Amino acid sequence: MALGRKLTVVTATATTLAALLAAPAGAARETVDWKPCPTAAGVDCGTVTVPIDWAHPGDGTIQLALSRRKATDPAHRIGSILMDPGGPGGAGAGEVQDGWTLSPAITARFDTVGFDPRGVGQSSPVRCGLTEVTAPNPQLPKSVAEFRQLTARNQALGTSCAKTTGPLASHVDTTSVAHDIDAIRAALGESKLTYYGTSYGTLMGQEYAEAYPDRVRALVLDGTMDHSVRSTWEFLSSQTRATQEMFGQFAHWCAATASCALHGQDVRSVMAQLYSRAEHGTLGTPDDPLDPVALMGMITHAFYGPDWSGLATSMVNLRDGKPAESAFGDITVPTAFSSIFCSDWRLPVSGYGELETFRRSLGAIAPDIRFSPLAWTSATGCLGWPGTVRDPQRAPGFLGNLPVLLLNSRYDPATPYSWAQHVSRQTGAPLLTYDGWGHGAYFKNSDCIVSTTDKFLIDGTLPPKGTHCAAVTPGTSKSRMDGPTY
């Protein structure tokens, strides 16, 4: 396989305000019929019904899966906090069932509610043909022929998703999800929304604030997406620069930390050796080689926590010809990813020549990591995709006078700090900066981040603009946001 790992296909786990006003009158009066979840003690499960197409609500409906953990201090309960773990393709209902919550201060005062966005998890998941998912996929094409193979594979995959899933496959854009969130808010009996979204969930929150500014109680957007990034080059280069910067931080940590498996060695030289072997097909084992995309996926995955100790050990093992299974296990393919992402982003590439120019230019600005595997595979995964870009890039449509708090790590490989800064400048929303490492900020063991965020969620107090929280030295433990998600 091109990914260099065993492939597991996950099918069941992984536009205007005027359109919303066309929703059935009864939708806002729906309540959630909570029942105990069969597989999670102390958690309730329920559903909310929404139209497949918010612009044409009579053309069929789907049910969105919800999970709820009740507030532990009901006498002082404020309401519900809706949470989304990102992705695209993250299943919030499943995460809450598995124990994902904010701090005890929040779980005492709020019911924690997770939802599986449309097309994800138990919310009518997007399904695609196994043949198309597992077809040869030259993600880093080396010729015009391989570029054509890539686009043909994407077209076939998108066609199979639409055929297998039905009309919903073309209505999984984030604007539709924002309308779904308001239906959930209403069904929960909340007059205004309290929300925590991380990574791709921040785009959902931004679009909710744009569509329903008068229904916002408190939105925390952690690991901020910048949907105003318009060009393919800007999208690729901004994430690649952030990932290269993170590699520099890792190399510095290794040089200063005696316990690092590469301490006292030239980390950049080791990285160059590994990449060269991946290019020549000699990295990994004969039965399970790692190509450059798989290698960089391993590196970036370790940056999410970050797990620098584990990464150094894995790099040594790979260099010495040993398995690096501790770095990552089987790669799962959430089949909803491209259906969602390619509905939200227009990232054109004219042909192989332009894509190769991008690749070489990225290598020039990021000599160690060469490219961001997340940005690269997201963009190239949409080349030839047959669906419509229903929710293309644009400047954020909400203003900072709304109760919205942005969070971001200074060194984030998936949602660059520059993205959060740009969203903050465009909207006026305050940005709370974690001066540390990893994807997202809330789950990085920073008391400063947690207490400041919690105060905002509980009583609406926003931090002064420009507030920073000191970094916490990375350990080997992994955060809730580890993994290849936005």
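Not measured: the values here are computed from a predicted model. (Residues numbered from 1 in each chain as written. Predicted model: local features only at pLDDT ≥ 70, side-chain atom pairs only at ≥ 80, totals over all residues. Heavy atoms only, no water.)

### Topic: helix H16 (residues 447–459)
With 13 residues, H16 extends 18 Å from end C-alpha to end C-alpha; this agrees with the ideal 18 Å at 1.5 Å per step. Every buried residue belonging to H16 is among Ile-449, Val-450, Thr-452, Thr-453, Asp-454, Phe-456 and Leu-457, and all of these are buried. Two residues or fewer past H16, Gly-460 is found with a positive phi of approximately 85°. (Helix = DSSP H or I, 4+ residues; strand = E, 2+ residues; numbered from the N terminus. Expected span 1.5 Å × (residues − 1). Buried < 20%, exposed > 50% of the residue type's maximum accessible area, 1.4 Å probe, protein only.)

### Description of the state of the cysteines
Scanning the entire structure with this criterion turns up 5 disulfides. Through a disulfide, Cys-254 is tied to Cys-260; the S-S separation comes to 1.6 Å. Disulfide Cys-254 to Cys-260: torsion about the S-S bond roughly -40°, handedness left-handed. Note on accessibility: Cys-254 and Cys-260 belong to one class, buried. The residue that forms a disulfide with Cys-342 is Cys-382, at a sulfur-sulfur distance of 2.1 Å. Judged by the sign of its S-S torsion, about -95°, the cystine formed by Cys-342 and Cys-382 is left-handed. Of this pair, Cys-342 sits in helix H12 (residues 336–344) while Cys-382 sits in the loop between helix H14 (373–380) and strand E12 (404–411), and the two are 40 residues apart along the sequence. (Disulfide = S-S within 2.5 Å.)

### Thoughts on unusual backbone geometry
Cis geometry is adopted by the peptide bond preceding Pro-88, which originates at Gly-87 and carries an omega value of 0°. Gly-305 connects to Pro-306 through a cis peptide bond whose omega is 0°. Examined against the element boundaries, Pro-306 turns out to sit in the loop between helix H10 (292–304) and helix H11 (308–319). Unusually for a residue other than glycine, Ser-199 sits at a positive phi of about 60°. Residue classification places Ser-199 among the buried residues on the basis of a relative accessible area of 1%. One non-glycine residue, Asn-445, lies in the positive phi region at around 65°. Summarising the element assignment, Asn-445 is placed in the loop between strand E13 (431–437) and H16. Under the relative-accessibility criterion, Asn-445 is labelled exposed at 61%.

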